[in-house]
There are 2 protein chains.
Amino acid sequence: MEHALRQLIRTIPDFPRPGIQFKDITPLLQDARGFRMAIDWFSLTVNAAGEVDLVAGIESRGFILGAALAARLGVGFIPLRKQGKLPAKKARVSYQLEYGNDALEMHVDAVRSGDRVALVDDLLATGGTAEAACQLLQQCGAEIVAVSFLIELDFLQGRKNIKSVKSEKIFSLIHY
Amino acid sequence: MEHALRQLIRTIPDFPRPGIQFKDITPLLQDARGFRMAIDWFSLTVNAAGEVDLVAGIESRGFILGAALAARLGVGFIPLRKQGKLPAKKARVSYQLEYGNDALEMHVDAVRSGDRVALVDDLLATGGTAEAACQLLQQCGAEIVAVSFLIELDFLQGRKNIKSVKSEKIFSLIHY
């Protein structure tokens, strides 16, 4: 299964910057069987981790996988967005990038205290964005049941940087 | 049904600019029943319009609704993105905004000639983005089966600006 999905991911050299081997998941998303298998896997691992009330996805590829998962699970979806995109009262967590800083925001009324949330993104690289997302959800009162990625770049050891949730709650389908 | 969903949409005054009454759909997305009803409606209207091979969503709220619909229909998903986000060979259509220009891009290999596609976005306002999206899909060989929006701002008459598909293929759930 992992092999079939890996074949639907293509590596684009030097995107978006020289030296980056970009993992392009669009061939997988546009493949009915591949997309369904990916959502099956997310659904399986999240259900195994526990019951969830909501799925949160990180802008913007995390929206695609997260919303499809939420639809599959029959729960609501929370978008975690880049700065300035959400219109109502929001919480923010900043984090470091290779060059400079970035921030994620969510509406403070997106979760109720104790809501069980699965966090979804396409890629676990350095873990900076994912850790910010976990902090944001927890600040707003969420309990994080699972953090699930389609791809994990093992050599970057980003898993170690997700300190807000236990390692056994972090799942990745395809490893490079 | 339309009434129940309308109650889950809130209006935020003066966002992102003074004078804009922003329709915030995040309360609907995070509501399990509301989100499910919205996807049910998309699924119903698209299925009524015809069989589809793929769902295309416009960055980035269109990713949420479009990917959930693709998962529901059991088909693949195509992201239509803002300039510079997609890594492989792509087509581009530019369009006018109130101030200046913008562009949408898609991978040229995202559809095969004759693929039947449903296009999804959250909001039909002036129709500029939607028309660009239709042109882009058609340039790449897609046949557009339906263009579906959660919300249509009737007073902007954006429907008239979607000239690339027949009006009877354009569907909106909630009208303001």
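What you see is a predicted model, and the numbers here were worked out from it, not measured in a lab.

(A) Broad picture of the sheet that holds strand β7 (residues 116-124) of chain B. Residues and elements named next belong to chain B. The mixed open sheet is built from seven strands, whose spatial order is β5-β6-β4-β3-β7-β8-β9. Of all the strands in the sheet, just β5 (90-96) and β9 (170-175) have a single pairing partner and so form its edges. Going from strand to strand, the sheet's axes swing by 20° on average, the running direction of each strand aside. Two strands pair when backbone bridges link them, and strand β3 (residues 54-58) and β7 are joined in this way by four bridges, in the parallel orientation. Its bridge partner being in β7, Leu54 is matched across the sheet by Val117. Sitting on the sheet, helix α3 (residues 32-49) is in contact with β7, β8 (143-152) and β9, with an inclination near 150° to β8.

(B) Here's a closer look at the environment of Val120(A). All names here are of chain A. Counting through the fold element by element, Val120 comes out in strand β7 (residues 116-124). In this structure the C-alpha to C-alpha distance between Val120 and Ala56, which are 64 residues apart in sequence, comes to 6.2 Å. Leave out the neighbours within four places in its chain, and Val120 touches Phe42, Val55, Ala56, Gly57, Ile58, Gly62, Leu65, Gly66, Leu69 and Ser148.

(C) Region of the structure containing helix α5 (residues 128-139) of chain B. All names here are of chain B. Taking 1.5 Å per residue as the helical rise, α5 with its twelve residues ought to reach 16 Å, and the 16 Å between its terminal C-alpha atoms agrees with that figure. Here the buried face of α5 lies against β3, β4 (76-82), β5, β6 (101-107), β7 and β8. Two residues or fewer past α5, Gly141 is found with a positive phi of approximately 105°.

(D) Structural view of the relation of the copies chain B and chain A. For the match of chain B to chain A, the screw axis carries a shift of 0.0 Å, the RMSD comes to 0.0 Å, and the turn is 180°. What the rotation and shift describe, once combined, is the action of a two-fold rotation axis. Ranked by how close their C-alpha atoms come to the rotation axis, the residues of chain B are headed by Ala68(B), at 2.0 Å. When the interface residues of chain B are mapped onto chain A, 100% of them are again interface residues, pointing to one common binding face.

(E) View of the interface of chain B and chain A. At the interface, 36 residues of chain B touch 36 residues of chain A. Buried surface at the junction of chain B and chain A, both sides included, amounts to about 2900 Å², of which 60% is carbon and sulfur. Remark: the boundary between chain B and chain A carries two salt bridges. With a closest N to O distance of 2.7 Å, Arg10(B) and Asp109(A) form a salt bridge. The interface formed by chain B and chain A includes 16 residue pairs in polar contact (both at pLDDT 80 or more).

(F) Looking closely at the packing of aromatic side chains. All names here are of chain B. Applying the stated criterion to the full structure yields six aromatic pairs over all chains. Here the aromatic rings of Phe15 and Phe22 are separated by 5.1 Å at their centres, their planes lie at 80°, and the arrangement is edge-to-face. Given a relative accessible area of 15%, Phe15 falls into the buried group. Seen in terms of ring centroids, Phe63 and Phe77 are 5.9 Å apart; in terms of plane orientation they differ by 85°. Their pairing is edge-to-face. With Phe63 in helix α4 (residues 61-73) and Phe77 in strand β4, this pair connects stretches of sequence that are 14 residues apart.

(G) The pattern of salt bridges, seen in detail. Applying the stated criterion to the full structure yields 22 salt bridges over all chains. Where Arg159(A) meets Glu152(A), a salt bridge forms, and the shortest distance between an N and an O atom there is 2.8 Å. Residues participating in the shared-partner salt-bridge network are Arg10(A), Asp24(A) and Asp109(B).

(H) Structural context of α4(B). Residue and element names in this part refer to chain B. For α4, with 13 residues, the first-to-last C-alpha span of 19 Å sits near the 18 Å given by 1.5 Å per residue. Burial in α4 covers these residues: Gly62, Phe63, Ile64, Leu65, Gly66, Ala67, Ala68, Leu69 and Ala70. Just past α4, the residue Gly74 takes up positive phi, approximately 75°.

(I) Structural detail: the sheet that holds strand β5 (residues 90-96) of chain A. All names here are of chain A. One open sheet holds the seven strands; their spatial order is β5-β6-β4-β3-β7-β8-β9, and the pairing between them is mixed. Two strands in the sheet have a free side with no partner beyond their single neighbour: β5 and β9 (170-175). The mean inter-strand angle of the sheet, taken between neighbouring strand axes irrespective of direction, is 20°.

(J) Spotlight on the packing of helix α4 (residues 61-73) of chain A against α4(B). It is the contact of α4(A) with α4(B), at a shortest axis distance of 7 Å, that shows an interaxial angle of 50°. By the criterion of interaxial angle, the relationship of α4(A) to α4(B) is oblique. α4(B) is crossed by α4(A), and the crossing has right-handed handedness. Contacts from Phe63(A), Ile64(A), Ala67(A), Ala68(A) and Ala71(A) of α4(A) reach α4(B) at Phe63(B), Ile64(B), Ala67(B), Ala68(B) and Ala71(B). For the contact of α4(A) with α4(B), the residue count by class is ten nonpolar, no polar and no charged.

Cut-offs applied
Residues numbered from 1 in each chain as written. Chains lettered and ligands numbered in written order. Predicted model: local features only at pLDDT ≥ 70, side-chain atom pairs only at ≥ 80, totals over all residues. Heavy atoms only, no water. Pairing = 2+ DSSP bridges. Helix = DSSP H or I, 4+ residues; strand = E, 2+ residues; numbered from the N terminus. Axes fitted to C-alpha atoms, helices over the stretch in contact; angles between N-to-C directions. Contact = heavy atoms within 4.5 Å. Expected span 1.5 Å × (residues − 1). Least-squares fit on C-alpha atoms with pLDDT ≥ 70 in both. Buried area = accessible area lost by both parts, 1.4 Å probe. Salt bridge = Lys/Arg side-chain N within 4 Å of Asp/Glu carboxyl O. Polar contact = N/O pair within 3.5 Å; in protein donor to acceptor, adjacent residues only side chain to side chain. Phe/Tyr/Trp six-rings, centres within 6.5 Å; stacked < 30°, edge-to-face > 60°. Buried < 20%, exposed > 50% of the residue type's maximum accessible area, 1.4 Å probe, protein only. Parallel < 35°, antiparallel > 145°, perpendicular 65-115°, else oblique. Left-handed = near helix turned anticlockwise from the far one by under 90°. Nonpolar A, V, L, I, M, F, W, Y, C, P; charged D, E, K, R; others polar.

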